Amino acid sequence: MKKSLIVLAVLLLVGGFVFAEAGVSGEFTLGASDVFTTDASTSVINAEINITADVDEYTSVAVELDSEGDDWTDQNVALDDFRLSSNILGALGVEEVSLDLTVGLFTSYFSNWNYVSRSGEEFYYSTASGVIFTSAETTDLAFSLDLGYKGYDVMYWMDMYASEMAAAISGTPVEGANFLVGYAASIADMTAGGIWVEGGYEFEAGPASLLIPASFVYDLASESYGWSSGIAVDVDAYHFSTAVGGSTDKSAFADCLIELSTSVVENADIYVIADMDFSADSAFQSVDLGGMYNFGAFGLGAGYVLASADDVETIILSDSSSMNGSGIYLCADVDF
């Protein structure tokens, strides 16, 4: 089924190139951890290509192809996303209100991404088990509706078999602030879903900026919850952030990630990230010292993780990979 969809999606796009404005983007990332040891390992962290085509002013088609992890090992290409989108009201001449209809194979991420750490550990992982703050994963075709008016959106997603659904309301009530309230559940048991609430405020003054995010998720079935917050400050080429989070799965207060980074060297990103977990036997988990230098679109990165124990897992390279214990890691990355 998926292979047929891949062929159909690519043929539709290739055929549409004659009549539409097309674009190609993607990412290719190679990584190696525990370098110079007997535990050294390599991986293809990302091998992704995105093909888009604007058919007209209101309609577009997009395909996302990935080959990574087991897909890469098995020499398979996965169709992660295939969608046809159209602004229905725009095509009818309505400008004040938009109504976007999307159909295809996709998951709608109803989130404003309010977090400050590189990995998003406090945001993605400090959540209650069973709660999905986006729509549920599905291999079925799906559709979504997005009704927008003056910075506010009402969104709904459902697979074609009517087995999973997600709905959300988001907006920007004042300059620099955003909010989102969402709900996702199996349609067979609508009362046992998950509620997701998040918001953020960003303030800028000259070369300085301040970001304060917050999120809360609650699982109605298990009555468990998770939360996250933090603060990020940027002054010229220097960045400092503290991210915190917790859940009833681990501890009401568990994660704390502190980052100091700088881009004072042109084309370079240098960082130190301390990872603490107050639900573990040892609050101190690890320190990640690393950096990346970009030669145009091509970047080379290296880092060293100092962990408190061999079984401590540290998320590295943003949220791209992870490694256990202490050691050196390397990466090569191209974004286009």
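Residues numbered from 1 in each chain as written. Predicted model: local features only at pLDDT ≥ 70, side-chain atom pairs only at ≥ 80, totals over all residues. Heavy atoms only, no water.

Caption draft 1: Layout of the layout of surface pockets. In this structure, the second largest pocket spans a volume of roughly 220 Å³. Contributing to the lining of the second largest pocket are 14 residues, with Glu121, Tyr125, Asp275, Glu313 and Ile315 lying nearest its centre. Counted by class, the lining of the second largest pocket contains three nonpolar, three polar and eight charged residues. (1 Å grid on protein atoms, 1.4 Å probe; cavity = no way out; pocket = protein on both sides within 12 Å on 5 of 7 lines; lining within 4 Å. Points joined across faces, edges and corners; volume = space filled by probe spheres on them. Nonpolar A, V, L, I, M, F, W, Y, C, P; charged D, E, K, R; others polar.)

Caption draft 2: Representation of empty space enclosed by the protein in the model. A complete count under the given rule lists two cavities of 30 Å³ or more for this structure. There is about 170 Å³ of room inside the largest cavity. Contributions of two or more residues to the lining of the largest cavity are made by strand S13 (238-247), strand S14 (251-262), strand S15 (268-277), strand S16 (284-295) and strand S18 (313-316). In the lining of the largest cavity, the residues fall into eight nonpolar, six polar and five charged. (Helix = DSSP H or I, 4+ residues; strand = E, 2+ residues; numbered from the N terminus.)

Caption draft 3: Spatial organisation of the packing of aromatic side chains. On inspection of all chains with the given rule, the structure shows 12 aromatic pairs. When the ring of Trp113 is compared with that of Tyr124, the centres are 6.5 Å apart and the planes differ by 45°; the resulting orientation is tilted. Of this pair, Trp113 sits in the loop between strand S5 (97-105) and helix H4 (121-125) while Tyr124 sits in helix H4, and the two are 11 residues apart along the sequence. A relative accessible area of 26% means that Tyr124 is categorised as partly exposed. Relative to Tyr124, the ring of Phe123 lies with its centre 5.4 Å away and its plane at 85°, an arrangement referred to as edge-to-face. The class of Phe123 is buried, set by a relative accessible area of 0%. An aromatic cluster of three or more residues is present, and its members are Trp113, Tyr115, Phe123, Tyr124 and Trp196. (Phe/Tyr/Trp six-rings, centres within 6.5 Å; stacked < 30°, edge-to-face > 60°. Buried < 20%, exposed > 50% of the residue type's maximum accessible area, 1.4 Å probe, protein only.)

Caption draft 4: Geometry of the nonpolar core. Core analysis: the largest hydrophobic core is formed by 12 residues, namely Phe106, Phe110, Phe123, Ala142, Met155, Trp157, Ala166, Ala168, Leu180, Ala184, Trp196 and Val217. Looking at this core, the elements with two or more residues in it are strand S7 (152-159), strand S8 (164-171) and strand S9 (177-186). Among the nonpolar cores identified, the runner-up in size contains 11 residues, and Ile273, Val305, Ile316 and Tyr329 belong to it. (Core = buried A, V, L, I, M, F, W, Y, C linked by side-chain atoms within 4.5 Å.)

Caption draft 5: Local environment of the pattern of salt bridges. As enumerated under the stated definition, the model contains five salt bridges in all. Residue Glu259 pairs with Arg118 through a salt bridge whose shortest N-O separation is 2.9 Å. Separated by 141 residues along the polypeptide, Glu259 in strand S14 and Arg118 in the loop between S5 and H4 bring together distant segments of the chain. With a relative accessible area of 24%, Arg118 lands in the partly exposed category. (Salt bridge = Lys/Arg side-chain N within 4 Å of Asp/Glu carboxyl O.)

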